[in-house]
Amino acid sequence: RECRMTDAHDDPAPRGWVNFNTVFGVLGIVAGITLFIITPDQVERPRLLFGQKPSGLDPDFFPRMVAVLFMITGVWLVLRSRKLIEENLMLGLDREAITSVLVTAACFGVMALVMPVLGFVLSSILLLAALSTYYGNRNILVGAIISIGVPLLFYNLLRIWLQVVLPQNPFFSNVLWF
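Counting restarts for each chain: residues are numbered from 1 in the order of the written sequence. Given that this is a predicted model, residues contribute local features only at a pLDDT of at least 70 and side-chain atom pairs are listed and counted only at 80 or more, while totals for whole chains, interfaces and linings are drawn from all residues. Values shown for side chains rest on all heavy atoms present in the structure; no hydrogens or waters enter the calculation.

A word on the packing of aromatic side chains. Two aromatic rings are characterised by how far apart their centres lie and by the angle between their planes. A pair of aromatic rings is counted whenever rings of Phe, Tyr or Trp (Trp by its six-membered ring) have centres within 6.5 Å, and the orientation is called stacked for planes under 30 degrees apart, edge-to-face for over 60 and tilted otherwise. Considering all chains together, one arrives at three aromatic pairs under this definition. Judged by centre distance (5.2 Å) and plane angle (70°), the ring pair of Phe-61 and Phe-62 falls under edge-to-face. Their ring planes at 75° and their centres at 5.0 Å tell us that Tyr-134 and Tyr-135 sit as a pair that is edge-to-face. For Tyr-134, a relative accessible area of 37% gives the class partly exposed. When a residue's accessible area, from a 1.4 Å probe over protein chains only, is under 20% of the maximum for its type it is buried; when over 50% it is exposed; and in between it is partly exposed. Classification of Tyr-135 by relative accessible area gives partly exposed; the value is 46%. Sitting over a ring, as applied to charges here, requires NZ of Lys or CZ of Arg to be within 6 Å of the ring centre and within 35 degrees of the ring normal. If you follow Arg-64 out to its NZ or CZ, it ends over the ring of Phe-36, 4.2 Å from the centre.

Each patch groups residues whose relative accessible area exceeds 30% and which form no salt bridge, using 9 Å between like charges and 5 Å between nonpolar side chains of Val, Leu, Ile, Met, Phe, Trp and Tyr. All accessible-area figures derive from a Shrake-Rupley calculation using a 1.4 Å probe, and residue coverage is judged against the displayed protein chains alone. Any carboxyl oxygen of Asp or Glu within 4 Å of a side-chain nitrogen of Lys or Arg constitutes a salt bridge here. A surface patch of nonpolar side chains, amounting to about 1,000 Å² of accessible area, comprises Leu-141, Val-142, Ile-145, Ile-146, Val-150, Leu-153, Phe-154, Leu-157, Ile-160, Trp-161 and Leu-162. In this text, helices come from DSSP runs of H or I with a minimum length of four residues, and strands from runs of E with a minimum of two, each type numbered from the N-terminal end. Relative to the helices and strands, Leu-162 is located in the segment after helix 5 (140–161). Taking relative accessible area as the criterion, Leu-162 reaches 38% and is therefore assigned partly exposed.

Moving on, we get to the packing of helix 3 (residues 95–118) against helix 4 (residues 120–134). Only the stretch in contact is used when fitting a helix axis, every axis being a line fitted to C-alpha atoms; angles between N-to-C directions are given from 0 to 180 degrees. Following both chains from N to C, one finds helix 3 and helix 4 inclined at 160°, their axes separated by 8 Å at the closest point. One way to sum up the angle between helix 3 and helix 4 is to call them roughly antiparallel. Between helix 3 and helix 4 lies a crossing whose hand is right-handed. On helix 4, the residues that touch Thr-99, Ser-100, Val-103, Thr-104, Cys-107, Phe-108, Met-111, Val-114, Met-115 and Leu-118 of helix 3 are Phe-120, Leu-122, Ser-123, Ser-124, Leu-126, Leu-127, Leu-131 and Tyr-134. Oblique is the label for every angle not falling under 35 degrees (roughly parallel), over 145 degrees (roughly antiparallel), or within 65 to 115 degrees (roughly perpendicular). In a left-handed crossing the near helix is turned counterclockwise from the far helix by less than a right angle, and in a right-handed crossing that turn is clockwise. The criterion used for residue contact is that any of the two residues' heavy atoms lie within 4.5 Å.

A helix is expected to span 1.5 Å multiplied by its residue count minus one. Counted at 1.5 Å a residue, the expected span for helix 3 with its 24 residues is 34 Å, and the 33 Å between its end C-alpha atoms agrees. For helix 3, the full list of buried residues reads Ser-100, Thr-104, Met-111, Met-115 and Leu-118. Looking one or two residues past helix 3, Gly-119 carries a phi angle of roughly 90°, positive in sign.

It is worth spelling out the environment of Asp-60 at this point. Within the secondary structure layout, Asp-60 lies in the loop between helix 1 (20–42) and helix 2 (61–81). The class of Asp-60 is buried, set by a relative accessible area of 6%. Note: C-alpha distance between Asp-60 and Gln-42 (18 residues apart in sequence) is 9.1 Å.

Here the focus is the nonpolar core. Core analysis: the largest hydrophobic core is formed by nine residues, namely Met-111, Met-115, Phe-120, Val-121, Ile-125, Leu-127, Leu-131, Leu-152 and Tyr-155. Broken down by secondary-structure element, the contributors of at least two residues to this core are helix 3, helix 4 and helix 5. Looking at this core element by element, the count peaks at five residues for helix 4. Among buried residues, those of type Ala, Val, Leu, Ile, Met, Phe, Trp, Tyr and Cys that are joined through side-chain atoms within 4.5 Å constitute a nonpolar core.

In this model, helix 5 (22 residues) spans 30 Å end to end at C-alpha, consistent with the 32 Å of a helix rising 1.5 Å per residue. Among the residues of helix 5, those classed as buried are Gly-143, Ser-147, Pro-151, Leu-152, Tyr-155 and Asn-156. Looking at the buried residues of helix 5, the elements they touch are helix 4. Downstream of helix 5 by one or two residues, Gln-163 has phi in the positive range, about 55°.

Here it is as structure tokens:
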């Protein structure tokens, strides 16, 4: 099915001022404000590491940038929601689609719980392997290459090049790639 969204120019949406786009826009604004407020208490400050230069980026920068983007997107959606005539296709989702979303959300929830224990790379490898298998990947070699390669690539991009502090793997703490 294709998503049909049209811009009715200056005509208000026929369902009234509040529709599901307005609700999601307001939820985006509330989520952005909440994230912006709680970020300083949730982001761990890196310990002073002798012999290493500081990155110059505040650890709050990326979470706060995401919070501001949530707010901007929410405001945009609230402003545009009155002019958008859009059919709500979420009400017509079948059981398989809902199950897929719930399984993915559960996997990310488990990843968030095990990441402090296993570290970023190992928990990401397990997440990608589980989700790719769940969604139908049967080629073990390709699945292993992607499940291992993508987290290592992102880890090095974030940790080494952008100097973002990520949870270390306690089992391979001396290995650069983990």
